[in-house]
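Chain by chain, the residues:
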Amino acid sequence: MFLKKTVPFLITLGMGLFTFTYYFVPHKLMQNMWDMVSDWAIIIGGGALAVGAVSMIRTYYKKAMTKSDPNRYYSMITIVCVFLMAIIGFITGIKPGSLFNDLFIHVMAPCESTMFSLLSFYIASAAFRSFRLKSFSAGLLLFSAIIVMLAQIPTGETISAAIPGLNIPLIKTWLLNYPNVAAQRAILIGVAIGSVATALKIILGIDKSVFAGAGGK
Amino acid sequence: MKNLLRLLLILLVISFAFNSYSSFELSGKDTPNDKGSSIDLSWKLNDKSIVKTALNIFVFRKGENESVFKKVKELDISTKKYSDKNGLEDNTPYLYYLEFRDISGDVVYKTQQFGPFIATSQWFNSKKMMTLCFSFLAIFIILLFINLAKKGRKLYVRPLPGVQAIEDAVGRATEMGKPMVYSPGISVISDISTLASISILSKVAETVAEFGSRLIVPNYDPIVYSVTDEVVRGAYVKSGRPDAYKPEDVYFLTQRQFAYASGVSGLMAREKPAANFFLGYFMAESLILAEAGAMTGAIQIAGTDSTSQIPFFIVACDYTLIGEELYAAGALMGDDARLIGGLKGQDYVKLVAMIMLIVLFVLKLFGVPGIDTILAGGN
């Protein structure tokens, strides 16, 4: 229990107090210590990546070996790709012009772009569901959305020119700059204060659930 | 008396003449609130003819142990100040002079030597005094309420529908015999939202372990993976069923944002989970995950402190924990009075912040000076 609870708590307490002090103390001594701690974080991150890779390979290997799983071929492809990229990286290097880099740019990057482009379709389907006029709040959302969308396209200006006194782009700017910013800042202030409280509870060991293996209390 | 007046007049004329002759003034000081090795220089050139002919200013410096002046910077003629951070040593006196040069590089005007100026490292950033004061006030209030809760004082905290929904979703998944997918977001372990998510995960995992249902946790960050793995394993150990824990259900997926979105979307499509939890920090992949999850028909509970992603979760998920509600969820799911006390204290800190904002706003309206400095703080 000492290694599972007390040691993580002491490390968290020490690092929490150090980080708090670092924010207010610009002295070179603190800066040097911070740089050293940052280096430790990079080293730990590198080690953790190896642990992560082992975990991923173990998970997909188990899936690939489960004959009853109809999706096991996807896991096989994943494992083959992981090892193939690692081997190619070791042989050709990862600099621009290497096979590894070419594979990354011509296979990985387009795949990622494809996933990103799915957003536009998902935005349409999400908008279709959320803009249904079910209540007064939903009505306000629908009204604001119509204004903002109209202002984004030339139609907004055309309608504004046709109806005297109506300026859709101006209403859009007001909606985005005032009600929207006010709501966002309210959330941000809450988040900032919540962060202080959460950090305090973790640093002082009041909330031990994040200490690995503590089992919640 | 007349002679005395004449003498004063002559002295005044001489003084004026001397000042107008001194066409250059330079002041230097240690850069305040910094880690040292920096001197702030500022100057005033009274002779307009130099400005007209010169194109550049060359800054020369000589340290205590150096024999000659070295050029440290070349500046535009319109420059009026310069922070010298070019290899300065702390607590060492430095002398400076400036040369004004024309387009062909010829010296138009060379100033006298100024100094010595000394750079030092500060132990406290005075610009952050207000931040420090408010931090201590916030810490005091939160600890006060934690202490009150510890002593047994009943504190009311508004229940959150999203938190109740998390518990219901776990029960629903168990009844349906389907797994649950829990994504702790795509941030690192030092992020408060990730820590809050892990706190919720520990409670969810305890219930899952107790009911014997299945929880799948794909991770974006390897360090976060190491922690979530131990947290879920710990929950199984705590419930007395360590053998029921499957290490392959808590795994590291990838550190590429859209590869992660793709991986989790595929996982949800294949496993058809009864409940999806997206709790932590998310970016553009939030809607991809939420919409892909919605297509599987699972109950979806999301929570993030990323303000730009909250709207996406609200429209695509059944329940959303907005901003700080994510931090509160872990405390509300448990029965630890101290955590509830922390939440109550947090609410009172918010009240103090609101009162301060209103008071400072009113003072600003009445033109009281220095309000901007208090509000803006410093870096």
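Residues numbered from 1 in each chain as written. Chains lettered and ligands numbered in written order. Predicted model: local features only at pLDDT ≥ 70, side-chain atom pairs only at ≥ 80, totals over all residues. Heavy atoms only, no water.

**Student:** Explanation requested: the packing of aromatic side chains in the structure shown.
**Tutor:** Aromatic ring pairs are reported here in terms of the distance separating the ring centres and the angle at which the planes meet. Evaluation of the coordinates by the stated rule reveals 22 aromatic pairs over all chains. Between Y22 of chain A and W34 of chain A the ring centres are 4.2 Å apart and the planes differ by 5°, which places this aromatic pair in the stacked class. Taken as a pair, Y22 of chain A in helix α1 (residues 2-24) and W34 of chain A in helix α2 (residues 28-65) lie far apart in primary sequence, twelve residues in all. On the basis of relative accessible area, W34 of chain A is assigned to the partly exposed category, the value being 27%. Among the aromatic residues, those joined into a cluster by ring pairs are F20, Y23 and F24 of chain A together with F136 of chain B. Taking NZ or CZ as reference, K208 of chain A lies 5.5 Å from the ring centre of F9 of chain A, over its face. It is K128 of chain B that lies over the ring of Y23 of chain A; its NZ or CZ is 3.8 Å from the centre. (Phe/Tyr/Trp six-rings, centres within 6.5 Å; stacked < 30°, edge-to-face > 60°. Helix = DSSP H or I, 4+ residues; strand = E, 2+ residues; numbered from the N terminus. Buried < 20%, exposed > 50% of the residue type's maximum accessible area, 1.4 Å probe, protein only. Lys NZ or Arg CZ within 6 Å of the ring centre and 35° of its normal.)

**Student:** Explanation requested: the sheet that holds strand β13 (residues 299-304) of chain B in the structure shown.
**Tutor:** By definition, the strands of a sheet pair up through backbone hydrogen bonds, in either a parallel or an antiparallel sense. All names here are of chain B. On the basis of which strands lie adjacent, the open sheet formed by six strands has the order β11-β10-β9-β12-β13-β14 and parallel pairing. Two strands in the sheet have a free side with no partner beyond their single neighbour: β11 (250-252) and β14 (319-322). On average, each strand axis in the sheet is inclined to that of its neighbour by 15°, with strand direction left out of account. Pairing between strand β10 (residues 215-219) and β11: three bridges, direction parallel. Looking at β11, one finds that V217 is bridged to V250. (Pairing = 2+ DSSP bridges. Axes fitted to C-alpha atoms, helices over the stretch in contact; angles between N-to-C directions.)

**Student:** For this particular structure, what's the right way to read the state of the cysteines?
**Tutor:** Linking two cysteines covalently via their sulfur atoms produces the bond known as a disulfide. Applying the stated rule across the entire model yields zero disulfides over all chains. Here C81 of chain A stays unpaired: no disulfide links it, and the sulfur of C111 of chain A, its closest cysteine neighbor, is 9.4 Å away. (Disulfide = S-S within 2.5 Å.)

**Student:** Even after reading the chapter, I still don't get the domain arrangement of chain B, so can you show me in this structure?
**Tutor:** Bring the parts together and some accessible area is lost; that lost area is often taken as the interface size. If you check the domain split of chain B, you get domain 1 (23-118) and domain 2 (155-334). For domain 1 of chain B and domain 2 of chain B, the distance between their C-alpha centroids amounts to 58 Å. (Domains from an automatic or database assignment.)

**Student:** Help me understand the environment of V217 of chain B in this model?
**Tutor:** Residue and element names in this part refer to chain B. Inspection of the secondary structure assignment puts V217 in strand β10. Relative accessible area serves as the criterion here: at 0%, V217 is assigned to the buried category. Here the alpha-carbon distance between V217 and Y182, two residues 35 residues apart in the chain, equals 4.9 Å. Not counting chain neighbours up to four residues away, the residues in contact with V217 comprise Y182, P184, L201, T228, V232, D249, V250 and Y251. (Contact = heavy atoms within 4.5 Å.)

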